[in-house]
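What the coordinates show
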Amino acid sequence: MKDFQTLKFLDMFKFLFVKLGIDYGVMRRILQVKLLMDQRRVPTIFNQTGKKKEKDQNYFIKGLWMYVLYGALLIPFMILGESYLFQTSIIFGIVMFLIMTSMISDFSSVLLDIRDKTVLATKPVERKTISMAKTIHVCIYLFFLSGALTLPSIIAGLIKHGILFTFLFLIEIIFIDLLIVVLTALIYFVILKFFDGEKLKDIINYVQIGLTIALAIGYQFVARSFDILNLDIVFVPSWWQFLIPPIWYAAPFELLLNHNFSPLYCFIFASLDCPNYLIHSLYKNDARL
Amino acid sequence: MIPIGNEVVLSIKDLQKNYGKKQVLDGINLEVSKGQIIGYIGPNGAGKSTTVKILLGLEESYRGDIEIFGKRIQGNTEYKRKIGYVPEVAEMYDNLTAYEYLTFVGELYGLESEVVEQKAEKLMDLFGLSGLFHTRISSFSKGMRQKVLIISSLLHNPDLLFFDEPINGLDANSVMVFKEILSQLAANGKTVFYSSHIMDVVEKISSRIILLNGGKIVADGSFEELKKQNKEGTLEEIFNQLTGFNEHKEIAEQFVSVIQGDLI
Ligand SMILES: Nc1ncnc2c1ncn2[C@@H]1O[C@H](COP(=O)(O)OP(=O)(O)O)[C@@H](O)[C@H]1O
Ligand SMILES: [Mg+2]
């Protein structure tokens, strides 16, 4: 059966999985089958009735250029000025929004396959191994999605702000992905906890709508955190900004690059701690995942 | 011939299961010995599939003790290595080809890829699916999918089989082949747990019939024993009697009159 570059890359970290007590061979096999099925999944926009192509082609990889295009729209925010907090929080806000919505809308059927229960859970495979396979599956998507989305801004940032900035930017993207994995898992976990497979599709639609509204409103808050009058961008710290993830991730730029040691910027630690906390509470009752 | 002893492969003690407030299983007690073919029957919604799902570890919130091959199943996955399962709903990765799906399943059971491949192709040929090994399952008919599921449950030569309505969609000839396979497997010391509502097949193949009604076992014994106890001819009639059902004519009449527009 077809092997994947992604999996060959993953092989380099085999020892890590083995250390965690995961049956790497089985996990790899599950991922291989999942990726193969993803290739055959035609996204709704490409779905031309009647035309049944037997040849595998990866619509996901092909669709990535769309995200690169979205990503290009972020370039102006990147090169606008030196107000890192404002610029990067806008960028992170948009990136998080786009990734979250596409994780929940386009990939929910992939990431939350109700057939998994009948196919995988009835086999002599440890639950741990299945959960890890699913997590890695999500991470693979996330890697490509966030890579495509941020590539243009990374290049622009490298040219405009230099290596240190870019390095920090990359690290922050990784943390953002971490938060998104955990949030996505949490959303699915909650959905699965209260509803069964059948109702899932409806629920996912509601979640999508809800998320869109929430993020649109949240976005207003991000923009309003800054007094943009007269193009004189001043950050006015207040308590509720702690609640806005993009600002957590933007804070280190201000702290490390503009040497702004206002105590408020310490809430970057919130960003590091939040996924951690969620993971722990999740794994404690991951009986259903 | 492998000698068939009284070895207990499956034991269920006081199994209770609720879905919300609804009690689906209300104290099931059952011991199944090696080599038996259990016909597990009951009206729609009696809890047959629920029982099987619990035994496979797919449902976790239940009360009672279940042991398979002498070990408690809770928190245990190892026993699944020797179990085959055909689910009631044909849920499978159907955008794979039969070859891809079957080798995958075989490998999950710990078999070598080449071994499963040969085995699977041969079984497909024998089951009337020759030439379809490299075709996507999504293009298969219901009966063909069912055959793939049956094959996938047998690849690893399991000792205990759970079949939940396995012959849905199978044509008459394939049903004959399937029935024969079951009795030969049982003769070779395999145990079969066969859940179905199709009475005449159950009547013919089962060495022991268990009738579930209202979440309880209301009859347990061989067909001959049930016949003696109930003075009825066929399993279907015994079924009607034990489930206290005798108004099929009246219901049918009302049904037809509603179809024709008399809203009483
Ligand atoms: N996931 C579920 N949630 C709520 N009720 C369920 C669920 N699965 C089954 N039931 C209920 O449990 C009862 C037994 O179902 P089942 O075991 O499928 O019956 P059958 O004997 O026909 O296989 C039915 O009344 C059904 O409505
Ligand atoms: Mg059923």
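In the block above lies the structure referred to throughout.
Heads up: these notes are all about the structure in this document. Numbering of residues starts from 1 in every chain and runs along the sequence as written. As they are written, the chains are lettered A onward and the ligands numbered 1 onward, keeping that order. Thresholds applied to this predicted model are a pLDDT of at least 70 for local features of residues and 80 or more for the giving and counting of side-chain atom pairs; totals over whole chains, interfaces and linings are not thresholded and use all residues. Each side-chain value is derived from all of the structure's non-hydrogen atoms; neither hydrogens nor water enter the calculation.

1. Some words on the overall build of chain B
Put simply, DSSP marks the helices as runs of H or I at least four residues long and the strands as runs of E at least two long, and each gets a number from the N terminus on. In terms of regular secondary structure, chain B is built from nine helices and ten strands. When we talk radius of gyration, it's over C-alpha atoms, and the globule rule is simply 2.2 Å times the number of residues to the 0.38. The C-alpha atoms of chain B give 20 Å as radius of gyration, which agrees with the globular expectation for 264 residues (18 Å, within 12%). Remark: exposure states derive from per-residue accessible area (1.4 Å probe, protein chains only) relative to the maximum for the residue type, with buried under 20%, exposed over 50%, and partly exposed in between. Residue burial in chain B is summarised as follows: out of 264 residues, 49% are buried. Relative to all contacts within chain B whose residues are 6 or more apart in sequence, the contacts with residues 24 or more apart total 67%. Put simply, chain B shows about 12,600 Å² of open surface, and 51% of that area lies on carbon and sulfur atoms. Charge counting follows a simple rule: Lys and Arg are positive, Asp and Glu are negative, and His as well as the terminal groups are ignored. Here the site of a charge means NZ on Lys, CZ on Arg, CG on Asp, or CD on Glu. If the 28 positive side-chain charges of chain B are averaged to one point and the 36 negative ones to another, these points end up 3 Å apart. What makes two residues a contact is simply this: any of their non-hydrogen atoms within 4.5 Å. Values of accessible area rely on a 1.4 Å probe in the Shrake-Rupley scheme; residue burial ignores everything except the protein chains shown.

2. Quick word on the coordination of the magnesium ion (ligand 2)
Protein-derived coordination of the magnesium ion (ligand 2) comes from Ser49(B) (OG) and Glu88(B) (OE), at a distance range of 2.0 to 2.3 Å. Taken together, the residues span a long stretch of sequence, with Ser49(B) in helix H1 (residues 48–55) and Glu88(B) in the loop between strand S6 (83–86) and helix H2 (98–108) at a distance of 39 residues. Each metal site is built from N, O and S donor atoms within 2.8 Å (3.2 Å for Na, K and Ca), and since water is not included, such sites may look incomplete.

3. Some words on the interface of chain A and chain B
At the interface, 28 residues of chain A touch 25 residues of chain B. Roughly 2,600 Å² of surface becomes buried between chain A and chain B when both sides are summed, with 58% attributable to carbon and sulfur atoms. Within this document, salt bridges are pairs made up of a side-chain nitrogen of Lys or Arg and a carboxyl oxygen of Asp or Glu, the two lying within 4 Å of each other. The partner of Glu107(B) in a salt bridge is Arg29(A), and the shortest N-O contact between them spans 2.7 Å. We call two N or O atoms a polar contact when they sit within 3.5 Å, provided that within protein one can donate a hydrogen and the other can accept it, with sequence-adjacent residues counted only if both atoms are side-chain atoms. Between chain A and chain B we count eight residue pairs in polar contact (both at pLDDT 80 or more) in total. At the level of elements, helix H3 (24–40) and helix H8 (115–120) of chain A are the ones that each hand at least two residues to the side of chain A that touches chain B. Broken down by element, the residue count for the side of chain A that touches chain B peaks at eight residues, all from H3(A). Side-chain classes are defined by residue name, with Ala, Val, Leu, Ile, Met, Phe, Trp, Tyr, Cys and Pro counting as nonpolar, Asp, Glu, Lys and Arg as charged, and the others, Gly among them, as polar. A breakdown of the residues in the side of chain A that touches chain B according to their chemical character gives 13 nonpolar, two polar and 13 charged. The term buried area refers to how much accessible surface (probe radius 1.4 Å) is lost by two components on association, counted for both of them together.

4. Some remarks on the packing of H2(B) against helix H4 (residues 142–154) of chain B
For any two helices packed against each other, one specifies the crossing angle of their axes together with the interaxial distance. Residues and elements named next belong to chain B. Orientation of H2 relative to H4, taken along the N-to-C sense of each, is 25°, at an axis distance of 9 Å. With respect to each other, H2 and H4 are oriented roughly parallel. The two elements H2 and H4 meet at a crossing, and its hand is right-handed. Contacts between H2 and H4 involve Tyr-101, Leu-102 and Val-105 on the former and, on the latter, Val-148, Leu-149, Ile-151 and Ser-152. For the contact of H2 with H4, a count of residues per class yields six nonpolar, one polar and no charged. Lines are fitted to the C-alpha atoms to define the axes, a helix being fitted only along its stretch in contact, and any angle between axes, read from their N-to-C directions, falls within 0 to 180 degrees. Any angle that is under 35 degrees is reported as roughly parallel, and any over 145 degrees as roughly antiparallel; angles of 65 to 115 degrees are reported as roughly perpendicular and all others as oblique. The crossing is said to be left-handed when, going from far helix to near helix, the turn is anticlockwise and less than a right angle, and right-handed when the turn is clockwise.

5. Structural notes on the packing of H3(A) against helix H9 (residues 127–161) of chain A
Residues and elements named next belong to chain A. Two elements in contact, H3 and H9, have axes separated by 9 Å at closest approach and are oriented at 45°. It follows that H3 is oblique to H9 by the angle criterion. Seen along the crossing, H3 lies across H9 with a hand that is right-handed. On H9, the residues touching Val-26, Met-27, Ile-30, Leu-31, Lys-34, Leu-35 and Asp-38 of H3 are Thr-129, Met-132, Ala-133, Ile-136, His-137, Ile-140 and Tyr-141. Among the residues forming the contact of H3 with H9, the class breakdown is ten nonpolar, two polar and two charged.

6. What to know about the side chain of Lys48(B)
Tracing the sequence through the fold places Lys48(B) in helix H1. Look at Lys48(B): it is buried, it has no salt bridge, and the nearest opposite charge is Glu165(B) at 4.7 Å.

7. Quick word on the sheet that holds strand S10 (residues 216–221) of chain B
All names here are of chain B. When DSSP finds at least two bridges between two strands, those strands are taken to pair. With respect to topology, six strands assemble into an open sheet ordered S6-S7-S8-S3-S9-S10, the strand pairing being mixed. The open sheet is flanked by S6 and S10, the only strands paired with a single partner. Direction aside, the axes of adjacent strands within the sheet are offset by 15° on average. Sheet topology note: the strand S9 (residues 208–213)/S10 ladder contains five bridges and is antiparallel. Bridging across to S10, Leu-212 finds its partner in Ile-217.

8. Some details on helix H8 (residues 235–242) of chain B
Spacing of three or four residues puts side chains on the same side of an α-helix, whose turn is 3.6 residues. Residues and elements named next belong to chain B. Every buried residue belonging to H8 is among Leu-235, Ile-238 and Phe-239, and all of these are buried. Buried residues of H8 fall within an arc of 105° about the axis and therefore sit on the same side. Contacts from the buried residues of H8 go to strand S3 (37–41), helix H6 (199–205), S9 and helix H7 (223–230). Taking the helix axis as origin, the arc is that swept by the directions to the C-beta atoms.

9. Section: the pattern of salt bridges
Tallied over the entire structure, the rule returns 14 salt bridges over all chains. Salt-bridge contacts for Arg28(A) lead to Asp3(A); the nearest nitrogen and oxygen are separated by 3.2 Å. Residue Arg28(A) is located in helix H3, and its partner Asp3(A) is located in the segment before helix H1 (5–11); the two are separated by 25 residues in the primary sequence. On the basis of relative accessible area, Arg28(A) is assigned to the buried category, the value being 16%. Measuring nitrogen to oxygen at the nearest pair gives 3.1 Å for the salt bridge that ties Glu60(B) to Arg127(A).

10. A few points about the site of ligand 1
One heavy atom within 4 Å of a molecule or strand makes the whole residue count as near it. The environment of ligand 1 is formed by twelve residues, the closest being Lys22(B), Gly45(B), Lys48(B), Ser49(B) and Thr50(B). More than a single chain frames ligand 1: its nearby residues are located in chains A and B. Within the backbone of Ala46(B), a nitrogen or oxygen atom sits 3.2 Å from an oxygen atom of ligand 1. Within the backbone of Gly47(B), a nitrogen or oxygen atom sits 2.9 Å from an oxygen atom of ligand 1.

11. Notes on the environment of Asn246(B)
Within the secondary structure layout, Asn246(B) lies in the loop between H8 and helix H9 (248–259). Expressed as a C-alpha distance, the spacing of Asn246(B) and Leu30(B), which sit 216 residues apart in the sequence, is 28 Å.

12. Observations concerning the pairing of strand S8 (residues 191–195) of chain B
Residues and elements named next belong to chain B. Within S8, five of the five residues are buried, which leaves the element mostly enclosed by the surrounding structure. Alternating positions in S8 separate into two faces, Thr-191, Phe-193 and Ser-195 on one and Val-192 and Tyr-194 on the other, with burial throughout. Both S3 and S8 contribute to a ladder of four bridges, which runs parallel. Within S8, the residue paired with Gly-39 across the bridge is Tyr-194. Summarising the sheet, strand S7 (residues 160–164) and S8 pair through five bridges and their orientation is parallel. Directly across from Phe-163, in S8, lies its bridge partner Tyr-194. By convention, orient the strands away from the viewer: a clockwise path from the first strand over the helix to the second makes the crossover right-handed. Handedness of the crossover is the feature at issue here: the chain leaves S7, passes through helix H5 (residues 172–187), returns alongside S8, and the resulting connection is right-handed.

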